[in-house]
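# What the coordinates show
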Amino acid sequence: MAPFVYSTLIISLGLGTTMTFASTHWYLAWMGIEINTLAIIPLMTQNHNPRAIEATTKYFFAQATASATLLFAAVSNAFLTGGWDILQTNHPLTSTLATLALAMKIGLAPLHSWMPEVMQGLSLLTGLVLSTWQKLAPLCLIYQIQPDSPNVFITLGLLSVVVGGWGGFNQVQLRKILAYSSIAHLGWMILILPFSTPLALLALFTYLMMTFSLFSSFMLVRTTHINSLSTSWAKIPALTASVPLILLSLGGLPPLTGFLPKWLILQELTKHDLTPIATLAALSSLFSLYFYLRLSYTMTLTMPPNNPAGTLPWRLSPQHNTLPPALTTAATIYLLPITPAILALFTF
């Protein structure tokens, strides 16, 4: 892809998300999401192979369906309330329709079926954009149209946590595992959103940080299959120690950073007399922890005993900038002790 075209698409990605962030009018917010969708489609087809084309087609149809539903919800809300203001989406029908459309945009269960298949056909870099940046604009709109009853959010959140855990079982493709991991983490955010917006933002922040660290690590070792993780020690030995910690942080094990949002979310749900829901979410997260442990085991305890002939790749000069993944990996592992400072930052 030509550098000018690539730069134009990246700028369009940023412009679409920024337009949605700055909009109070439904039509402008919808237009920003559409710019975002149309900008990433050429990026998804950079690799000219049938799997990438199939993934792009599935993504386009899923996003087109969600966009049509969202526009219908906005028009219906304008008809019922007489205004296009996003904050005035008070009617139960329109708020539920808009929430479901945005849930399909980001891949929440039970509207998630497109997400793993699309991720499987993309490169790791495009998958990183799909798992992080593409979630921001729909989540911003979900935050603004919170309905009076939290039942829709609780249902979507619990289903996403359960499906995200169950779906990762018996998967050997890392991109599909990352897709189900994304579904589960988004479920935690949606589950707590009606009760504590700062905790939802904290969960989003930690999710973006941990996901960037893991995708960057996989891009450094150029691996997309679980079996090839066992040879990563010969490419970058430091990743053999850091990636299992990132995976355990994603699973929410203390004393790593990933434990922080889950701990606070469970505490907040208990305060609102939702102990059964908190218990079910905590038990469901054990499914996700299983395949994180499986990846950690594959990477650290199944190293081949023989050394490859020739110069080991880790002795050569790195071809990628390793500073951003190093910083995010450190934050993914070490932030739990400064929990009070982080809470003060996200509480407003």
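All values derive from a computational prediction rather than experimental measurement.

## Thoughts on helix α3 (residues 50-81)
Residue pairs spaced three or four apart in an α-helix point in one direction, given the helix's 3.6 residues per turn. For α3, spanning 32 residues, the distance from its first C-alpha to its last is 46 Å, which sits close to the expected 46 Å at 1.5 Å a residue. A positive backbone phi angle near 80° is found at Gly82, which sits one or two residues after α3.

## Quick look at the UniProt feature "transmembrane region" (unreviewed entry) in the chain
Here, the residues flagged by UniProt with the feature "transmembrane region" (unreviewed entry) are residues 57-80, 92-111, 151-170, 177-195, 201-221, 233-254 and 274-293. Along residues 201-221 the backbone is 100% helical and 0% strand, and the end-to-end C-alpha distance reaches 31 Å. For residues 233-254, the helix share is 68%, the strand share is 0%, and the end-to-end C-alpha distance is 25 Å.

## Some points on helix α4 (residues 92-106)
Between its first and last C-alpha, α4 extends 21 Å over 15 residues, near the 21 Å set by a 1.5 Å rise per residue. Among all positions of α4, only Thr94, Ser95, Ala98, Thr99, Ala101, Leu102, Ala103, Met104, Lys105 and Ile106 are buried. Those residues of α4 that are buried lie in contact with α2 (26-44), α3, α5 (114-120), α7 (133-144), α8 (151-167) and α9 (174-192). Downstream of α4 by a residue or two, Gly107 has a phi angle that is positive, lying close to 90°.

## Points about the pattern of salt bridges
A complete count under the given rule lists 4 salt bridges for this structure. In this structure, the salt-bridge partner of Glu54 is Lys58, at a minimum N-O distance of 2.9 Å. With a gap of 4 residues between them, Glu54 and Lys58 both fall in helix α3, about one helical turn apart. Looking at Lys58, the relative accessible area reads 31%, which means it is partly exposed. The partner of Lys58 in a salt bridge is Glu117, and the shortest N-O contact between them spans 4.0 Å. Pair noted here: Lys58 is in helix α3 and Glu117 is in helix α5, with a separation of 59 residues, a long-range link.

The rules behind the values
Residues numbered from 1 in each chain as written. Predicted model: local features only at pLDDT ≥ 70, side-chain atom pairs only at ≥ 80, totals over all residues. Heavy atoms only, no water. Helix = DSSP H or I, 4+ residues; strand = E, 2+ residues; numbered from the N terminus. Expected span 1.5 Å × (residues − 1). UniProt positions renumbered as here; feature names shortened; annotations may be inferred. Buried < 20%, exposed > 50% of the residue type's maximum accessible area, 1.4 Å probe, protein only. Contact = heavy atoms within 4.5 Å. Salt bridge = Lys/Arg side-chain N within 4 Å of Asp/Glu carboxyl O.

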